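Inside the fold
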Amino acid sequence: MSARNDVAPDTLGVELTEDGIVVEYADGREAFYRGVPTKESGTLRTQPGKLIQILVTDPTETEGVLTYVNDRNTHDEILEETGVGRVMLDPGEEEELFPGVTVRMDGYAVEVEADPETARGRVFVFEEDELGEESYEMVDEE
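What comes next is a walk through the structure. Since this is a predicted model, take the numbers as computed values, not measurements.

Below, the discussion takes up the side chain of Glu 111. Relative to the helices and strands, Glu 111 is located in strand S11 (residues 109–114). A residue is classified by how much of its surface remains accessible, and Glu 111, at 13% relative accessible area, is buried. Residues within four places of Glu 111 in sequence aside, it is in contact with Thr 43, Leu 44, Arg 45, Thr 102, Val 103, Arg 104 and Asp 106.

Below is the structure:
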């Protein structure tokens, strides 16, 4: 049983820049995800033990929802104040975070599948730990 709960995300401000992605939390603070995301199609498998964050923008790319996957470090109250969501999954479990965006636990690795057309916006995945961060944009296979 997890010590943390699922938390529904709020709509947050988003700014896509040449240098990265800015997310404005509900409490007014901002997070900056550096770099141009690597484009990925199909299933994105992240490294076990990393903090995984999924951002889905609206069609205007100025708003979106941000959800942490299996974050055990952030208290529920902080997530609620910032507007960030969280989903807790056990190995083998799967959940549709947003229409067109599914996450699944394969052991301790997170797998993400996304259809941006169904999501009606852009889908970004951030994978980070104390050693660094990677960012991806889920795109249709072509």
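The next subject is the side chain of Asn 70. Inspection of the secondary structure puts Asn 70 in the loop between strand S7 (63–69) and helix H1 (76–82). Under the relative-accessibility criterion, Asn 70 is labelled buried at 16%. Here Leu 89 takes part through its backbone nitrogen, which lies 2.6 Å from a polar atom of the side chain of Asn 70. Residues in contact with Asn 70, not counting those within four places in the same chain, are Val 87, Met 88, Leu 89 and Met 105.

The biggest cluster of nonpolar side chains holds 19 residues, and the ones touching the most others in it are Ile 54, Val 123 and Val 125. When contributions to this core are tallied by element, the ones reaching two or more residues are strand S6 (51–57), S7, strand S10 (101–106), S11, strand S12 (123–129) and strand S13 (132–138).

To continue, consider the pattern of salt bridges. Counting across every chain of the model gives 12 salt bridges. A salt bridge links Glu 94 to Arg 104; its shortest N-O distance comes to 2.9 Å. Taken together, the residues Glu 94 in strand S9 (residues 94–98) and Arg 104 in strand S10 connect sequence positions 10 residues apart. Using a relative accessible area of 51% as the deciding quantity, one classes Glu 94 as exposed. By sharing partners, the salt bridges in this structure join Arg 45, Glu 94, Arg 104, Asp 106, Glu 111 and Glu 113 into a single network.

Next up on the list: the pairing of S10. Across the 6 residues of S10, 5 count as buried, placing the element largely inside the fold. Relative to S10, S9 runs antiparallel, the two sharing 4 bridges. By the bridge assignment for S10, Glu 95 is matched with Val 103. If you look at the hairpin formed by S9 and S10, you'll find 2 residues sitting between the two strands, and Gly 100 has a positive phi there, around 90 degrees. Bridging between S10 and S11 involves 6 bridges; their strand directions are antiparallel. Bridging across to S11, Asp 106 finds its partner in Ala 109. In textbook terms, the turn of a hairpin is the stretch between consecutive antiparallel strands, and for S10 and S11 this stretch comprises 2 residues, one of which, Gly 107, has a positive phi near 65 degrees.

What counts, and at which threshold
- Residues numbered from 1 in each chain as written.
- Predicted model: local features only at pLDDT ≥ 70, side-chain atom pairs only at ≥ 80, totals over all residues.
- Heavy atoms only, no water.
- Helix = DSSP H or I, 4+ residues; strand = E, 2+ residues; numbered from the N terminus.
- Buried < 20%, exposed > 50% of the residue type's maximum accessible area, 1.4 Å probe, protein only.
- Contact = heavy atoms within 4.5 Å.
- Polar contact = N/O pair within 3.5 Å; in protein donor to acceptor, adjacent residues only side chain to side chain.
- Core = buried A, V, L, I, M, F, W, Y, C linked by side-chain atoms within 4.5 Å.
- Salt bridge = Lys/Arg side-chain N within 4 Å of Asp/Glu carboxyl O.
- Pairing = 2+ DSSP bridges.

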